[in-house]
Amino acid sequence: MEFDFIEEKDKFLMLGYGLLAFVLVVGGLLLLLDVVPAWFARRREAQLVTAATTGAPLPRRRKPREGLFALFFLLPTLLLLAVGLVVPAIRTLLLSLMDGNSNEWVGLRNYGWIFSEDSIVRVLINTLVWVLLVPLVATSFGLIYAVLVDKARFEAVAKSLIFLPMAISFVGASIIWKFVYAYRGDGEQQIGLLNQIVVSLGGEPTQWLLESPLNTLLLIVIMVWIQAGFAMVVLSAAIKAIPADIVEAARLDGVTPWQMFWQITMPSIKPALIVVVVTLSIATLKVFDIVRTSTNGNYDTSVIANEMYNQAFRYGQNGQGSALAVFLFILVIPIVIYQIRNIRQQREG
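Scope of this entry: the structure provided in the associated data block.

Rules used in this analysis
- Residues numbered from 1 in each chain as written.
- Predicted model: local features only at pLDDT ≥ 70, side-chain atom pairs only at ≥ 80, totals over all residues.
- Heavy atoms only, no water.
- Axes fitted to C-alpha atoms, helices over the stretch in contact; angles between N-to-C directions.
- Helix = DSSP H or I, 4+ residues; strand = E, 2+ residues; numbered from the N terminus.
- Parallel < 35°, antiparallel > 145°, perpendicular 65-115°, else oblique.
- Left-handed = near helix turned anticlockwise from the far one by under 90°.
- Contact = heavy atoms within 4.5 Å.
- Nonpolar A, V, L, I, M, F, W, Y, C, P; charged D, E, K, R; others polar.
- Core = buried A, V, L, I, M, F, W, Y, C linked by side-chain atoms within 4.5 Å.
- Buried < 20%, exposed > 50% of the residue type's maximum accessible area, 1.4 Å probe, protein only.
- Phe/Tyr/Trp six-rings, centres within 6.5 Å; stacked < 30°, edge-to-face > 60°.
- Salt bridge = Lys/Arg side-chain N within 4 Å of Asp/Glu carboxyl O.
- Patch = residues over 30% accessible without salt bridge, like charges linked within 9 Å, V, L, I, M, F, W, Y side chains within 5 Å.
- Areas by Shrake-Rupley, 256 points an atom, 1.4 Å probe, with all protein chains shown as cover.
- Expected span 1.5 Å × (residues − 1).
- Arc of directions from axis to C-beta.

A word on the packing of helix α8 (residues 214–240) against helix α11 (residues 270–285). Direction vectors running N to C along α8 and α11 enclose 155°, while the axes themselves pass 9 Å from each other. What the angle tells us is that α8 and α11 run roughly antiparallel. Seen along the crossing, α8 lies across α11 with a hand that is right-handed. For the pair α8 and α11, the contacting residues are M223, Q227, F230, A231, V234, L235 and A238 in the first and A272, L273, V276, T279, L280, A283 and T284 in the second. Broken down by class, the residue content of the contact of α8 with α11 amounts to 11 nonpolar, three polar and no charged.

Have a look at this one:
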């Protein structure tokens, strides 16, 4: 098949226009952010030189001008937040109060549907299982890894291998684990690692992702596999930050390794543990890629984010999809508030 540049010139022109617009916008912003501060810096430097040579008092900066200067830099961020976050959030809230075609107001009917529809109640239960298991299990594995590899001979190599799944996208990790869970009929050569192990031990191959609630737990394994490395890195840094004199004093007192872990290590890394659990809880509430790639939410594996997508974009029920989005946002808010209060308490302490 030969490529005809002339026939495809319109596409190349569109691509060129897009690249040109990107260069102009990004380059213009970078230039603006470089020129404006430099101009203010030169102006201030000239004032300092004049004051030093003439002996005149140094002119004071006007606070209103500093406020405008700060607003100048904050304005792009505020605009992006308004366009990308505030406006869509308000629109989603309004859509959640309308019917599927967004033509008539239905009030809170969509929210009542969330708790009355059996399939959606199952989705809520699945999400609860995810939120309960993933942060606790991933944090536990991360803590175990951090303690075991701390000051080990090949610590850097071990941490790199454990953290490696974090470099893989959720979609890529899901595809990898789909091969692990892959199924072929009895008597056929198994390509799935898990079924091959079962067959080698004399068992029968199983369609792992079709059996509920086992399939949900197997999907949770993927999330734990990815996030355990993140937990390990944060907790390992917290362990290394424990003052050496505290550790030495505890050893001189004759504490056992178990006592060292519970009485010294755990209290010292408590703030880091909270950060890890909160971060993983928020990430788990929003999980979508793993479920979408592995089972598409079928076989009783769907979660809120996946069902929100299905209702809004597959079934054309904008009101119900928006209601799920708002409900998910409401679930995240308490966790965020708790994290903010925890950070403030640490700063004040």
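Before going further, it helps to examine the nonpolar core. Of all hydrophobic cores here, the largest spans 41 residues; its most connected members are W130, Y181, L219, I222, L235, I269 and I290. Elements with a minimum of two residues in this core: α4 (118–149), α6 (170–180), α8, α9 (244–252), α10 (257–268), α11 and α12 (289–294). Residue contributions to this core peak at 12 residues, all from α8. Ignoring anything within four residues of it in the chain, the contact list for W130 reads P135, T216, L219, I220, M223, T284, V287, I290, V291 and V303. Counting residues in each nonpolar core, the second largest holds 18 residues, with I120, L285, I304 and F327 among its members.

This structure, assessed with the given rule, holds nine aromatic pairs. Between the aromatic rings of F115 and F327, the centroid separation amounts to 5.5 Å while the plane-to-plane angle is 90°, which identifies the pairing as edge-to-face. On the criterion of sequence distance, the pair formed by F115 in helix α3 (residues 109–116) and F327 in helix α14 (residues 318–348) is long-range, its members being 212 residues apart. Here F115 falls in the exposed class, since its relative accessible area comes to 52%.

When their charged atoms lie close together, side chains carrying opposite charge are able to pair. Applying the stated criterion across every chain, the model contains three salt bridges. Put simply, E248 and R251 hold a salt bridge, and the shortest N to O gap is 3.7 Å. Of this pair, E248 and R251 both sit in helix α9, three residues apart, which is roughly one turn of the helix. Given the relative accessible area of 43%, E248 is considered partly exposed. With a relative accessible area of 52%, R251 lands in the exposed category. Connected through salt bridges with shared partners, the residues E155, K159 and K240 form a single ionic network.

In this section: a nonpolar patch on the surface. Where nonpolar side chains cluster on the molecular surface, the patch consists of L68, L71, L74, L78, L81, L85, V86, V87, I90, L94 and W105 and spans about 1100 Å² of accessible area. Exposure remark for L85: the relative accessible area of 51% places this residue in the exposed category.

Take α11 next. For α11, which comprises 16 residues, the first-to-last C-alpha distance of 23 Å matches the rise-based estimate of 22 Å (1.5 Å per residue) to within 8%. Those residues of α11 that are buried lie in contact with α4, α8, α10 and α14.

Looking only at α6, the buried set comprises A173, S174, W177 and V180. The arc that holds every buried residue of α6, seen down its axis, measures 105°, which confines them to one face. The elements touched by buried residues of α6 are α7 (193–200), α8 and α12.

Right, let's get into the environment of A156. Of note, A156 is situated in helix α5 (residues 155–163). The class for A156 is exposed, based on a relative accessible area of 57%. Sequence separation of A156 and R122 is 34 residues, and the distance between their C-alpha atoms is 43 Å.

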